[in-house]
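Here is how the chains run, residue by residue.
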Amino acid sequence: MESGLSSLLSVSIDFETSHLVFPTIIHWILAVLFAIILVTKVIPFLAAVKRGERTLPIVGESMDGFRFFGTLALIIAYFYLMAVVGNMFPYTGYGFLFVSMPFVFLMALMYLHEWTKKAVVIVLINAIIAPSLVWFVLAKLFRITLP
Amino acid sequence: MMEFVSLLDVTFFLLAGFGALVGIIFGAIPGMTATMAVAVCLPLTYALGLNNGLALLLGLYVGGISGGMVPAVLLNIPGTPSSITTTFDGYPMAQKGEGEKALRVCVVASVIGGLISAAVLFLFAPMLADFSIKFSYVEKFLIILLALSVIASLSSNMLVGIFSGVIGIWLSLVGVYSISDGGNGKTRLMADFMEPYLYEGFSLLPVLIGIFGISTILLEAEKGVKSELTSDRLKLGKGGVFAFSIFKGRFTNLVRSSFIGTFVGMLPGVGGSAASVLAYTQEKNLSRDSSEMGKGAPQGLMASESANNALTGGALIPLLSLGIPGDSTTAVLIGAFTLQGIQVGPLFIPENANTWYIMMTALVFANIVMFFLMFFAIKHIAKVVMVPKHILYPLITMMCVVGAYAINYGIMFDVWTLLIFGVLGYLIQKIGLEVAPLIIGFILGGQAEIYFVKSLESFGTLSIFFTKSPIAVVLWLLILASVVFSIVMSLKSRAKGRQDVLS
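Everything numeric here is computed off the predicted structure, so don't read it as measured data.

Here's the deal with the overall build of chain B
Moving on, step 1. For chain B, the count of helices and strands is 21 helices and two strands.
Moving on, step 2. Its C-alpha atoms give chain B principal-axis dimensions of roughly 70 × 55 × 50 Å.
Moving on, step 3. Counting the 503 residues in chain B, one finds 58% classified as buried.
Moving on, step 4. Considering only intrachain contacts with a sequence separation of at least 6, the fraction spanning at least 24 residues in chain B is 80%.

Here you go:
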């Protein structure tokens, strides 16, 4: 009996495939946990949604679609353009500097609820000064790599 | 032992103080946390040396945890999750016109909590490191398993907590099974076209900055970035003069709460509000004059804030002695330390005695700076609560980019990692998964794999995890205890919920 148990527990790992041992175990654990959660949480939750007691996350909630998707779009454009402009002026950090300014300006305008003249001027000044300051301190003084 | 003193200079103390100030400001702005403060200021540390970098980071950490008291007292909004119980008594006091007095009570309690936990850290971390130095792969794997089970058992739902943690581990496995760690140098969990980007897997810091920085901004954007705060709500009040005599007879409370905070801070992945809530309820249960708590009693503030700040020292204990982060802020710190060439773990303290003393100096000094800054300049600091979010968020996004891009000296994919994990962090919080276990799983997953596979390769049997040493058995018992604890707690809360429905 003793030897039966120890042979059951013994494992030998082939070095060639040792990179897959742990991920395989993790996949199984994930699958089992997901199945349990599906049965105990998700199905009751969906049933409650059907009865109208709960709402689905994200799709069923009210959200500020303009600001949310605007943020995503701005960030994607920001990251993309930063690399493009940065490649035009390599090792200067200008990509970061020149793309950050409009990004900070546009994002602040998007989040600003009342566009008074004073508020927009503050946003504009901030959008020019803040990236310049960060660029100067990090890229020039500290010599940190920027796009 | 005293030779480390020669390594300290004026810059060191200035940076620790600067860090504390910036941390306080971040903590004081609702929605910004100590984690974000550390993440945003990371690029600054790239250029600093080891000692100065540590000074800045620890200053940010202490300041960030402390700053949360300001909006908690003045606006009834916890600036960081851990100051939630400060609102219970702080806001009523502020409404009575005793805002300044309340804040000063908080400041004194905070510095006491911070210093007590620093003392515990100083005594306890080397002991734990000494003890764990003899651990083989088997025990190390079990320690990680214990850390993950503790996090999961303290999540609001254990199943979801474990699931989140395992997702974190899965994410950490993407990339190569590194030869330098004894692997075979093959990649897994990805398609061929991803190999140029993901050969080394996702970098830790962009992942953390994305999850804590970008996803917070997405969550706020979805809510429309409202700033309904107007400056007339911000009243400090002159009523009720602060005097140290208010602490008379509160010694037990302060010490008890500090130790609760330190202990909770040690538990991996808990952090946040658990410490202050526990300290607050203990004071309420044990104190004879607790009837005023919740209506503006200073003793509630003392319990909450001393526990809250004691988290700092506590969370650093497992970080420095075992390499396991105690909360999300120390998770970012672990990345920052790695960047400075520090490998935290059992060998860290014995092999880097000077660095260890320097860290302690920075920690204690940051607490003292925090005290003086907040005690005497609280009126001015209180104003930062009003900084509009439409100015802040673009700047935070910008700093996140700098932090991610510069970590590996200019890799654009790290910036995209920010976005990937920003969106992922947003989604997991939306569908109800837990961020803390996921992050800890991500940080520890890679090591867990190595320890697990190596144990099996050298012993060839699964039974080794139970029979290797008495310590292994003790660790299994602790794992079992944390699971049982969690089940009992959930049964209790379910029974209580049923009672509430019936009554």
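Moving on from the coordinates now.
Points about the overall build of chain A
Moving on, step 1. Of regular secondary structure, chain A possesses five helices and zero strands.
Moving on, step 2. Secondary structure of chain A in N-to-C order comes out as α-α-α-α-α.
Moving on, step 3. At 27 Å, chain A has a C-alpha radius of gyration far larger than the 15 Å of a compact globule built from 147 residues.
Moving on, step 4. By principal-axis analysis of the C-alpha atoms, chain A measures approximately 80 × 50 × 20 Å.
Moving on, step 5. Burial statistics for chain A: of 147 residues in total, 21% are counted as buried.
Moving on, step 6. Look at the contacts in chain A between residues 6 or more apart in sequence, and 43% of them connect residues 24 or more apart.

Focus on the domain arrangement of chain A
Moving on, step 1. Looking at chain A, the domain boundaries give domain 1 (2–50) and domain 2 (65–141).
Moving on, step 2. Here domain 1 of chain A and domain 2 of chain A have C-alpha centroids that lie 45 Å from each other.

Some thoughts on the environment of Phe-136 of chain A
Moving on, step 1. Mapped onto the elements, Phe-136 of chain A comes out in helix H5 (residues 117–141).
Moving on, step 2. For Phe-136 of chain A and Leu-97 of chain A, which are 39 residues apart along the polypeptide, the C-alpha to C-alpha distance reads 9.2 Å.

So, unusual backbone geometry
Moving on, step 1. Although it is not a glycine, Tyr-91 of chain A adopts a positive phi angle of roughly 60°.
Moving on, step 2. Phi is positive for Leu-189 of chain B, close to 60°, though the residue is something other than glycine.
Moving on, step 3. The class for Leu-189 of chain B is partly exposed, based on 17 C-beta atoms found within 10 Å.

Structural notes on the UniProt feature "transmembrane region" (unreviewed entry) in chain A
Residues and elements named next belong to chain A.
Moving on, step 1. Mapped onto this numbering, the UniProt entry annotates "transmembrane region" (unreviewed entry) at residues 25–47, 68–85, 91–112 and 119–138.
Moving on, step 2. Helix makes up 100% of residues 68–85 and strand 0%. Its end C-alpha atoms lie 26 Å apart.
Moving on, step 3. Across residues 119–138, the secondary structure splits into 100% helix and 0% strand, with the terminal C-alpha atoms separated by 28 Å.

Notes on the interface of chain A and chain B
Size of an interface, as often reported, equals the accessible area lost when the parts are brought together.
Moving on, step 1. Each side of the interface is counted separately: chain A has 49 residues, and chain B has 52 residues.
Moving on, step 2. Counting residues per element, the ones that place at least two in the side of chain A that touches chain B are helix H1 (2–9), helix H2 (18–50), helix H3 (65–88), helix H4 (94–111) and H5 of chain A.
Moving on, step 3. Broken down by element, the side of chain A that touches chain B gets its largest block of residues, 12 residues, from H2 of chain A.
Moving on, step 4. Split by residue class, the side of chain A that touches chain B holds 36 nonpolar, nine polar and four charged.

Points about the nonpolar core
Residues and elements named next belong to chain B.
Moving on, step 1. The biggest cluster of nonpolar side chains holds 191 residues, and the ones touching the most others in it are Val-38, Leu-58 and Leu-208.
Moving on, step 2. Considering every element that reaches this core, the biggest residue donor is helix H6 (residues 99–132), with 16 residues.
Moving on, step 3. Apart from residues lying up to four places away in sequence, Leu-58 is in contact with Ala-16, Gly-19, Met-359, Ala-362, Leu-363 and Ala-366.

Comments concerning the packing of helix H1 (residues 10–28) of chain B against helix H16 (residues 353–381) of chain B
Residues and elements named next belong to chain B.
Moving on, step 1. Two numbers describe how H1 lies on H16: the axes approach to 9 Å, and their chain directions differ by 50°. Between H1 and H16, the angle is such that the two are oblique. As for the relative orientation of H1 and H16, their crossing is right-handed in sense. Together, Phe-13, Ala-16, Gly-17, Gly-19, Ala-20, Leu-21, Ile-24 and Ala-28 of H1 and Ala-362, Phe-365, Ala-366, Val-369, Met-370, Leu-373, Met-374 and Ile-381 of H16 make up the contact between the two elements.
Moving on, step 2. Within the contact of H1 with H16, the residues separate by chemical class into 14 nonpolar, two polar and no charged.

A closer look at the packing of H5 of chain A against helix H17 (residues 389–407) of chain B
Moving on, step 1. The geometry of H5 of chain A relative to H17 of chain B is characterised by a closest axis approach of 11 Å and an angle of 25° between their N-to-C directions. Here H17 of chain B runs roughly parallel to H5 of chain A, going by the angle between their axes. Handedness of the H5 of chain A/H17 of chain B crossing: right-handed. Along its contact with H5 of chain A, which presents Asn-126, Ala-130, Pro-131, Val-134 and Leu-138 of chain A, the element H17 of chain B presents Ile-391, Leu-395, Met-398 and Val-402 of chain B.
Moving on, step 2. Across the contact of H5 of chain A with H17 of chain B, the residue classes tally to eight nonpolar, one polar and no charged.

Some remarks on helix H2 (residues 34–47) of chain B
All names here are of chain B.
Moving on, step 1. Between its first and last C-alpha atoms H2 spans 21 Å; for 14 residues at 1.5 Å apiece the expected length is 20 Å, and the two agree.
Moving on, step 2. Roughly 45° is the biggest bend found in H2, and it falls at Cys-41, with proline Pro-43 one to four residues downstream.
Moving on, step 3. Burial analysis of H2 places 13 of its 14 residues in the buried class, which makes it a mostly covered element.

Topic: helix H3 (residues 50–67) of chain B
Moving on, step 1. Taking 1.5 Å per residue, 18 residues should reach 26 Å; H3 of chain B reaches 26 Å between its end C-alpha atoms and fits that length.
Moving on, step 2. Buried residues dominate H3 of chain B, accounting for 17 of its 18 residues.

Focus: the environment of Phe-263 of chain B
All names here are of chain B.
Moving on, step 1. With respect to the helices and strands, the residue Phe-263 is situated in helix H11 (residues 251–266).
Moving on, step 2. Classification of Phe-263 as partly exposed rests on a count of 19 C-beta atoms within 10 Å.
Moving on, step 3. Note: C-alpha distance between Phe-263 and Ile-317 (54 residues apart in sequence) is 9.7 Å.

Definitions and cut-offs
Residues take numbers from 1 onward in each chain, read along the sequence in its written order. Each chain is given a letter, starting from A, and each ligand a number, starting from 1, according to the order in which they appear as written. The predicted nature of this model means local features are confined to residues of pLDDT at least 70 and side-chain atom pairs, given and counted, to a pLDDT of 80 or more, with totals for whole chains, interfaces and linings taken over all residues. Helix and strand assignments follow DSSP, with helices taken as H or I runs no shorter than four residues and strands as E runs no shorter than two, numbered in order from the N terminus. Three exposure classes are used, all based on how many other C-beta atoms lie within 10 Å of a residue's own C-beta (placed from the backbone): buried at 20 or more, exposed at 12 or fewer, and partly exposed between those limits. Throughout, a pair of residues is in contact if the C-beta atoms placed from their backbones lie within 7 Å. Restricting the calculation to C-alpha atoms gives the radius of gyration, and the globule rule supplies 2.2 Å times the number of residues raised to the power 0.38. For the domains described, the bounds stem from an automatic or database domain assignment. UniProt positions are given in the numbering used here, feature names are shortened, and annotations may be inferred rather than shown by experiment. Under the scheme applied here, ten amino acids are nonpolar (Ala, Val, Leu, Ile, Met, Phe, Trp, Tyr, Cys and Pro), four are charged (Asp, Glu, Lys and Arg), and all others, including Gly, are polar. A set of buried residues drawn from Ala, Val, Leu, Ile, Met, Phe, Trp, Tyr and Cys, joined through C-beta atoms within 7 Å, is what defines a nonpolar core. Only the stretch in contact is used when fitting a helix axis, every axis being a line fitted to C-alpha atoms; angles between N-to-C directions are given from 0 to 180 degrees. Here the angle decides the label: under 35 degrees means roughly parallel, over 145 means roughly antiparallel, 65 to 115 means roughly perpendicular, and every other value means oblique. Helix crossings are classified by the rotation of the near helix relative to the far one: an anticlockwise turn of less than a right angle makes the crossing left-handed, while a clockwise turn makes it right-handed. A helix is expected to reach a length of 1.5 Å times the quantity of its residues less one. Two axes are fitted around each residue, one to the seven residues ending there and one to the seven starting there, and the angle between them is reported as the bend at that residue.

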